[in-house]
Amino acid sequence: PPLRSHHCQICNKCVATFDHHCIFLGTCIGERNHFRFWFFVWMNLITLSTALDVVNSGKVVLQNQDVEKTFSSFLPAIGHVILLV
């Protein structure tokens, strides 16, 4: 077996340069898929920060306008969050 290989009990596979088993990706993170794992992490961080920006922009709108006007202007922002998810 290669150096730093490890047998994953969850996947029941031998993984070269084993790091950990990622429950979100459903696979072991090892030699061949570090890039995919970090890409997954960064995309989730970007999505989260975008969603928080949309929520915070809605709070600013709520402070400056009536509630009835705000709801109709906030609907496009909700659509963007749904598209991101």
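Residues numbered from 1 in each chain as written. Predicted model: local features only at pLDDT ≥ 70, side-chain atom pairs only at ≥ 80, totals over all residues. Heavy atoms only, no water.

Here the focus is the packing of aromatic side chains. In the structure shown here, the tally under the stated rule is two aromatic pairs. Summarising the aromatic geometry, the rings of phenylalanine 35 and phenylalanine 39 are spaced 6.2 Å apart at their centres and angled 25 degrees between planes, so their arrangement reads as stacked. Here the residue phenylalanine 35 and the residue phenylalanine 39 both occupy positions in helix H1 (residues 34–64), the gap between them amounting to four residues, near one helical turn. Judged by relative accessible area, which is 65%, phenylalanine 35 ranks as exposed. With a centroid separation of 5.4 Å and an interplanar angle of 70 degrees, the aromatic rings of phenylalanine 37 and tryptophan 38 are classed as edge-to-face. Judged by its relative accessible area of 47%, tryptophan 38 falls in the partly exposed class. (Phe/Tyr/Trp six-rings, centres within 6.5 Å; stacked < 30°, edge-to-face > 60°. Helix = DSSP H or I, 4+ residues; strand = E, 2+ residues; numbered from the N terminus. Buried < 20%, exposed > 50% of the residue type's maximum accessible area, 1.4 Å probe, protein only.)

Moving on, we get to a nonpolar patch on the surface. Taken together, the side chains of Trp38, Trp42, Leu45, Leu48 and Leu52 present a nonpolar region at the surface, about 570 Å² in accessible area. Checked against the element boundaries, tryptophan 42 lands in helix H1. (Patch = residues over 30% accessible without salt bridge, like charges linked within 9 Å, V, L, I, M, F, W, Y side chains within 5 Å. Areas by Shrake-Rupley, 256 points an atom, 1.4 Å probe, with all protein chains shown as cover. Salt bridge = Lys/Arg side-chain N within 4 Å of Asp/Glu carboxyl O.)

What follows covers the side chain of histidine 21. Along the chain, the position of histidine 21 falls in strand E3 (residues 20–22). The buried category is assigned to histidine 21, whose relative accessible area is 17%. For histidine 21, the residues in contact, after removing those within four places along its chain, are Cys8, Ile10, Cys11, Gly26, Thr27 and Cys28. (Contact = heavy atoms within 4.5 Å.)

Here the focus is the side chain of asparagine 33. Mapped onto the secondary structure, asparagine 33 falls in the loop between strand E4 (27–29) and H1. Here asparagine 33 falls in the buried class, since its relative accessible area comes to 10%. When neighbours within four sequence positions are excluded, asparagine 33 is seen to be in contact with Thr27 and Cys28.

In this section: the environment of glutamate 31. Within the secondary structure, glutamate 31 sits in the loop between E4 and H1. Exposure remark for glutamate 31: the relative accessible area of 52% places this residue in the exposed category. Sequence-wise, glutamate 31 and arginine 4 are 27 residues apart; in three dimensions their C-alpha atoms are separated by 9.8 Å. Among all residues touching glutamate 31, those that are not within four sequence positions of it are Ala16 and Thr17. Reaching out from glutamate 31, the side chain makes a polar contact with the side chain of threonine 17 at a distance of 3.1 Å. (Polar contact = N/O pair within 3.5 Å; in protein donor to acceptor, adjacent residues only side chain to side chain.)

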